[in-house]
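Descriptive structure summary
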Amino acid sequence: MVESIARVRHIRVTPQKARRVVALIKGKQAEEALAILRFAQQSASDPIYKLVESAMANAQVKAGNAGEHLNEQDLYVKNAFVDEGTTLKRFQPRAQGRAFQIKKRTSHITVVLSTPEAADVAPAGKKKASK
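Let me sum up the structure you'll find in this document. Note that the structure is a prediction, hence the values are computed from the model and not measured.

Of all the residues in helix α2 (residues 30–38), the buried ones are Ala30, Ala33, Leu34 and Leu37. With its buried residues spanning 100° around the axis, α2 presents them on a single face. Packing partners of the buried residues in α2 comprise α1 (15–25), α3 (45–66), β2 (76–93) and β3 (99–114).

See the structure below:
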């Protein structure tokens with residue numbers, strides 16, 4: 001019953017391109033996600049691969065501190081999302097003294113790994129009243 005989070009902030013990958021890669025691994029087992037990312041053609045797959053590895057290491061440490069045994073085969077990608085980071089604004093000279101703005105976008109990427117036992121336990125919430 002382990003849940004681990006890994007984040008990388010201000011990575012120089014546009015959020016739109018990173019979201020395409022993150023969509024490939026959502027809901028997959030961690031080992032399978034690493035295999036998918038290893039052979040993905042997109043440039044955003046390299047930092048996301050490192051992020052999944054980091055989340056797996058975080059899960060190992062968390063389980064060790066709790067005194068639990070963790071099998072890496074049990075971990076799966078519970079959630080993964082990409083938020084927009086700061087945008088670096090640069091200018092390129094153009095004809096007749098004009099300037100053209102270049103936006104270098106950054107991303108904040110978050111990966112949440114969990115074991116199936118942690119996903120099955122849901123907090124007791126209020127039920128909606130039916131009409």
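Text resumes after the structure shown.
So, about the nonpolar core. The biggest cluster of nonpolar side chains holds 29 residues, and the ones touching the most others in it are Ile48, Val52, Ile109 and Leu113. Elements that contribute at least two residues to this core include exactly β1 (3–11), α1, α2, α3, β2 and β3. With eight residues, α3 is the single largest residue contributor to this core. In this structure valine 52 touches Ile25, Ala30, Leu34, Leu37, Val111 and Leu113, once residues within four positions along its chain are discounted.

According to the stated counting rule, one finds two salt bridges in the structure shown. For glutamate 3, the salt bridge is made with lysine 78, and the minimal N-O distance between the two is 2.9 Å. Of the two residues, glutamate 3 is situated in strand β1 and lysine 78 in strand β2; the sequence distance between them amounts to 75 residues. As a salt-bridge pair, glutamate 84 and arginine 105 come within 3.6 Å of each other at their nearest N and O atoms. Of this pair, glutamate 84 sits in strand β2 while arginine 105 sits in strand β3, placing them 21 residues apart in sequence. Of the residues examined, glutamate 84 reaches a relative accessible area of 47% and is grouped as partly exposed.

So, on to unusual backbone geometry. Although it is not a glycine, histidine 10 adopts a positive phi angle of roughly 60°. In this fold, histidine 10 is placed in strand β1. The backbone of glutamine 96 shows a phi angle near 60°, a positive value even though the residue is not glycine. Its place among the elements puts glutamine 96 in the loop between β2 and β3.

Reading guide: rules and limits
Residues numbered from 1 in each chain as written. Predicted model: local features only at pLDDT ≥ 70, side-chain atom pairs only at ≥ 80, totals over all residues. Heavy atoms only, no water. Buried < 20%, exposed > 50% of the residue type's maximum accessible area, 1.4 Å probe, protein only. Helix = DSSP H or I, 4+ residues; strand = E, 2+ residues; numbered from the N terminus. Arc of directions from axis to C-beta. Contact = heavy atoms within 4.5 Å. Core = buried A, V, L, I, M, F, W, Y, C linked by side-chain atoms within 4.5 Å. Salt bridge = Lys/Arg side-chain N within 4 Å of Asp/Glu carboxyl O.

As far as function goes, none of this settles anything; it's purely spatial.
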